[in-house]
Amino acid sequence: MADSHHSAVFPASEYYPDRGPAKYFHGRRKVLNDFSNLLQYASNKSWGTTFLVQGALGVGKSALLYECGKHARAQEWQVVKVGVESLWKPYKLLDSLGLTDKYKLSERSMQFGLKNLFRRGYKSTRPEPTVESIPMDGQQPLLLILDEAQALGDKDIPPSQHKATAIHVLEFIHNGELGRPIILLTAGLGGAKRGFGELKIPRFAANCFVELGALDKGSECAVIRDWIKKEGGAKGGPAAWIDAIAQETHGWPQHIQSYANLAADQLKAYGRIMESDQLNAVLEAGRESRKEYYKERVDGFFGDEIQCLMNSIPDNPSGPPASRIDIMSSLTKKYGDREAKDLFDRFIRKGILEKSGAGLVVPIPSMHAWMKDEYSREKIEFPREQQISRGLHERSSGLER
């Protein structure tokens, strides 16, 4: 019998990864429909292009890439995961495509077959494989999946000596000029699109660029329901639990999975009965998990840097977005032009800020509220020397009350 007064969440009975395929996937129908239509068109026309999904950490980019891959396999496309180095290193691309042995064997066979010619002074005219020529080796439509594409915007990626090669192969793929249906499906944090722009891919075809945001309410509830009923084996109607969890997850896939995992484990541990004290335990544990996620997101920034950012953003998460000018003005005033630009770019790359309409927002309302609370001027504790220095500065500026 379940212990109806137990308030602690039972330790997870199974590890649930928060990256990669989603165990219970719902939503993103327009993106998947657009992508399926692109696959069909590219296959019929022996054409290809680039399809970019951009969004903050935890928004479900990797899960969406996996679903797109399933759609491609269903249409008989070859699906291959690649890393950024495959754009300029032939052996990396060969390895991803499983062609390394084929090229080695072919070269070895040629050496044996032309043994006598070599002795007479002839050289092999077989060209070395390049990142442009390798994808042409085959007739089956090819989907290349590149995750974490924001790396293309980092310093020295690609390295200067390989940048021309990366630009060349991206242009061939993007413009469908490889004589074979090839699509580069890629995803990355904010700034990924700018990285492509720096590699001479300034724009994407219609419906081939996606700014991924929160799930719609129906999809969010469907995911929670599956975890509670299918994974947790809940007895009875799950509506109250679904509504309570959805109030705290804001449609954000990482939060949905975190809370739903806890709910499934709690149900399995305590008789699969949906009691209010068990729900309260799940919600409390979910809030703690959510805070840890936010702490990880801001890791790498100093407290004063986050504080300066939040001082330039409206208090209400549901209010109008902040303007870029206001944010940059606040950062520049405190850190100077160069450091302010670097900070702003890092905020975008880390997914702490993302575009919304004509302005910028913290993408998750609860994260916005947490950052406002955690990094308010009153809560940050400065070292003793810094407190004295700040006090002297405020007195000299006439700011001390």
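Please refer to the structure placed before this passage.
Residues numbered from 1 in each chain as written. Predicted model: local features only at pLDDT ≥ 70, side-chain atom pairs only at ≥ 80, totals over all residues. Heavy atoms only, no water.

Caption draft 1: The arrangement of the environment of L99 in detail. Checked against the element boundaries, L99 lands in the loop between α3 (90-97) and α4 (100-113). Separated by 35 residues in the primary sequence, L99 and I134 place their C-alpha atoms 8.8 Å from one another. Those residues in contact with L99 that lie beyond four places of it in its chain are L94, I134 and D137. (Helix = DSSP H or I, 4+ residues; strand = E, 2+ residues; numbered from the N terminus. Contact = heavy atoms within 4.5 Å.)

Caption draft 2: The environment of S289, seen in detail. Looking at the secondary structure, you find S289 in helix α11 (residues 276-298). A relative accessible area of 25% places S289 in the partly exposed class. C-alpha of S289 to C-alpha of L262: the two residues are 27 residues apart in sequence and 9.8 Å apart in space. (Buried < 20%, exposed > 50% of the residue type's maximum accessible area, 1.4 Å probe, protein only.)

Caption draft 3: How the structure looks around helix α6 (residues 163-174). For α6, which comprises 12 residues, the first-to-last C-alpha distance of 16 Å matches the rise-based estimate of 16 Å (1.5 Å per residue) to within 8%. Looking one or two residues past α6, G176 carries a phi angle of roughly 65°, positive in sign. (Expected span 1.5 Å × (residues − 1).)

Caption draft 4: Structural detail: the side chain of E220. As for its placement among the helices and strands, E220 is situated in helix α8 (residues 217-231). A polar side-chain atom of E220 sits 2.4 Å from a polar atom in the side chain of T249. Excluding anything up to four places from it in sequence, E220 contacts L215, A246, T249, H250, G251 and I256. (Polar contact = N/O pair within 3.5 Å; in protein donor to acceptor, adjacent residues only side chain to side chain.)

Caption draft 5: Examining the packing of helix α9 (residues 239-249) against helix α10 (residues 253-269) more closely. Closest axis-to-axis distance for the α9/α10 pair is 9 Å, and the angle between their directions is 145°. Here α9 runs over α10; the crossing is right-handed. Packed against α9, whose contacting residues are W241, I245, E248 and T249, the element α10 presents H255, I256, Y259, A263 and L267 at the interface. Here the contact of α9 with α10 is composed, by residue class, of six nonpolar, two polar and one charged. (Axes fitted to C-alpha atoms, helices over the stretch in contact; angles between N-to-C directions. Left-handed = near helix turned anticlockwise from the far one by under 90°. Nonpolar A, V, L, I, M, F, W, Y, C, P; charged D, E, K, R; others polar.)

Caption draft 6: Quick look at the pattern of salt bridges. For the structure on display, the rule yields 17 salt bridges. Residue K89 pairs with E85 through a salt bridge whose shortest N-O separation is 3.0 Å. Between D226 and K230 there is a salt bridge, and its shortest N-O distance comes to 3.6 Å. Here the residue D226 and the residue K230 both occupy positions in helix α8, the gap between them amounting to four residues, near one helical turn. What makes D226 buried here is its relative accessible area of 11%. Taking the relative accessible area as the measure of exposure, K230 reaches 56% and is therefore exposed. Here the salt bridges share partners, and the residues they tie into one network are E248, E284, R287 and R290. (Salt bridge = Lys/Arg side-chain N within 4 Å of Asp/Glu carboxyl O.)

What is shown is where atoms sit, not what they do.
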